[in-house]
Amino acid sequence: MKSLALGALVLLFGAGTAAAAPLVLPSNEPIYFQFNNLEQFSADNLLVVPGAYAPAAGLQANWGVFNVSSIQHGAVSIPHLNIGGGPVFFADDGPGGTAGQITGIFYGIKGTSPTTETGGHIDLFWHDAGSDPVTAACLAGGCGPNAATVAEFTSGTFLARIDFNNGIIDGDPVTFIKGTDPATVTGGVIGQADSFADVNLAAGGAWASALNGNWFFVDPNGNGIRGEPGEQRDIRFSNRFNQLPSWGIGAADCATAASACGLQSNDPARVFTAVTVPEPATLTLLGLGLAGLARRRRKA
C-alpha cells in the first residue's frame, strides 16, 4: 500500500519538479504580510512610472516598488476588521538564498487632498530562488526610481493584481486611501496611511483565488451596517512611511510644491485567504495518478 501511494504522488507532482512553483498560500486562514516600499509622491498628480511597464502608464500622485519581507500565519484580533501577526512561514533571504522572493509595484494612485487618495493598483510577482533580483542595498535606497529598478521589481511570475477600493472612511465612497500629509513628514516624523483593497480576479495570477477572501467589512454608504453586499474587502493595508531623499526629484522634502519627494516604508497587510480548490490541471494529474493506482492494484 505504501508503494502505491508513493506512485500516486510521483504521478501527481512529478511534472512540476523541473522548476520551482510560486509559494502557495494557506487556505482559509488569516495571513499577515510585511512589505518594504520605495516610492515617490507628488501632490500635483503628474508623476510617471519610468520604464516600459505598460499597466502603469499614465499620471499619478504616488507610485513605488516593494518586496515582501515576510509572511506570517496570522491571528484574528477583531473579526472582519483586523488580523495580527504570528509565526513566520516565508522570509525573504535575498539573492543567493533559498526562499525565493516576492516583489511588486503600485501605481495609478490619484491625490484628492493632502490626506486622501483614490484609485490605484498593486501587481505582485514571484521569483524562484536563484533568480531573486532585489538586494538589501536596493531596499535601503541604493537603487533609484528608474526604468531598471521598475524592470527588476516587475519581472518573475505574475501572482495577482490588487485594486484599492473604498471603505477606509465610513460614508465615503470616493476615498480609497487616507493618511498623513507627506509634506508634514519632516525631521524624523513618521507618516501613516490606511486602505482596503480587492483582488482583481480578471487579471488572473497564481494567488488570485487565494486572496479573494472578502473577509473585511466596510461601510462606504454610511448607513451603519458593515459588510452588506459590495461592502466586503479582501485586503487591509497599514503604511508607515518616512522620507527617502534618494528617491526625490528636485525636492528637499515633500513640502516643496510641484516636485516629487522620496518615501520609504515598512508596511503590514492582512488577508483572510479564501477556501481554495485545486486547479483543473492539478485535478487532471490527480485523476491520472488514481487511474495508475487502479491499474497497479488490478495487476497485483
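Quick note: structure is the one above.
All figures in this text were calculated on a predicted structure; none of them were measured in a lab.

Criteria and cut-off values
- Residues numbered from 1 in each chain as written.
- Predicted model: local features only at pLDDT ≥ 70, side-chain atom pairs only at ≥ 80, totals over all residues.
- Heavy atoms only, no water.
- Helix = DSSP H or I, 4+ residues; strand = E, 2+ residues; numbered from the N terminus.
- Buried < 20%, exposed > 50% of the residue type's maximum accessible area, 1.4 Å probe, protein only.
- Contact = heavy atoms within 4.5 Å.
- Polar contact = N/O pair within 3.5 Å; in protein donor to acceptor, adjacent residues only side chain to side chain.
- Patch = residues over 30% accessible without salt bridge, like charges linked within 9 Å, V, L, I, M, F, W, Y side chains within 5 Å.
- Areas by Shrake-Rupley, 256 points an atom, 1.4 Å probe, with all protein chains shown as cover.
- Salt bridge = Lys/Arg side-chain N within 4 Å of Asp/Glu carboxyl O.
- Disulfide = S-S within 2.5 Å.
- Phe/Tyr/Trp six-rings, centres within 6.5 Å; stacked < 30°, edge-to-face > 60°.
- Lys, Arg positive; Asp, Glu negative; His and termini not counted.

Asks: Explanation requested: the environment of Ser 27 in the structure shown.
Replies: Relative to the elements of secondary structure, Ser 27 occurs in the loop between α1 (2-13) and β1 (30-41). Judged by relative accessible area, Ser 27 falls into the partly exposed class, the value being 34%. Separated by 183 residues in the primary sequence, Ser 27 and Ala 210 have C-alpha atoms spaced 6.7 Å apart. Not counting residues within four places of it along the chain, the set of residues in contact with Ser 27 comprises Thr 273, Ala 274, Val 275 and Thr 276. A distance of 3.3 Å separates the side chain of Ser 27 from the backbone oxygen of Ala 274, its partner in a polar contact.

Asks: Quick question: what am I supposed to make of a nonpolar patch on the surface here?
Replies: Taken together, the side chains of Leu 46, Val 48 and Leu 59 make up a nonpolar region of the molecular surface, amounting to roughly 270 Å² of accessible area. Following the sequence through the fold, Leu 59 ends up in the loop between β1 and β2 (62-73).

Asks: Just to check I follow, could you spell out the state of the cysteines for this structure?
Replies: Defined simply, a disulfide is a covalent bond joining two cysteines at their sulfur atoms. Under the counting rule described, the total for this entry stands at two disulfides. Two residues, Cys 138 and Cys 143, share a disulfide whose sulfurs are 1.8 Å apart. Between Cys 138 and Cys 143, the S-S dihedral sits near 55 degrees, and the bridge is therefore right-handed. Residues Cys 138 and Cys 143 agree in their burial class; the two are buried. Linked covalently through their sulfurs, Cys 254 and Cys 261 form a disulfide whose S-S length is 1.8 Å.

Asks: Help me understand the packing of aromatic side chains, please; the structure alone is not making it clear to me.
Replies: In this description, a pair of aromatic rings is defined by centroid distance and the angle of the planes. Per the counting criterion, the structure on display carries 14 aromatic pairs. Between Phe 164 and Phe 237 the ring centres are 5.8 Å apart and the planes differ by 50 degrees, which places this aromatic pair in the tilted class. A residue pair is termed long-range when its members are at least 10 positions apart, and Phe 164 in strand β8 (residues 157-165) and Phe 237 in strand β13 (residues 235-243) qualify at 73 residues. Here Phe 237 falls in the buried class, since its relative accessible area comes to 6%. Of the aromatic side chains, those joined through ring pairs into one cluster are Phe 33, Phe 35, Phe 66, Phe 106, Phe 164, Trp 207 and Phe 237.

Asks: In this structure, what is going on with the side chain of Asp 132? I would like to understand it.
Replies: Looking at where Asp 132 falls in the secondary structure, it is placed in the loop between β7 (116-127) and α2 (136-142). Buried within the structure, Asp 132 lacks any salt-bridge partner; its nearest side chain of opposite charge belongs to Arg 161, at an N-O separation of 23 Å. A polar contact of 3.4 Å, which involves the side chain of Asp 132, links it to the backbone nitrogen of Gly 130. What Asp 132 contacts, discounting residues up to four positions off in sequence, is Gly 94, Pro 95, Gly 96, Gly 100, Gln 101 and His 127.

Asks: Explanation requested: unusual backbone geometry in the structure shown.
Replies: Both trends apply: most residues other than glycine have a negative phi, and most peptide bonds are in trans. In this model, Asn 45 sits at a positive phi of 60 degrees, which is unusual for a non-glycine residue. Looking at where Asn 45 falls in the secondary structure, it is placed in the loop between β1 and β2. The phi dihedral of His 80 falls on the positive side, at around 65 degrees, and the residue is not glycine. The topology assignment puts His 80 in the loop between β3 (75-78) and β4 (82-84). Note on His 80: relative accessible area 30%, which makes it partly exposed.

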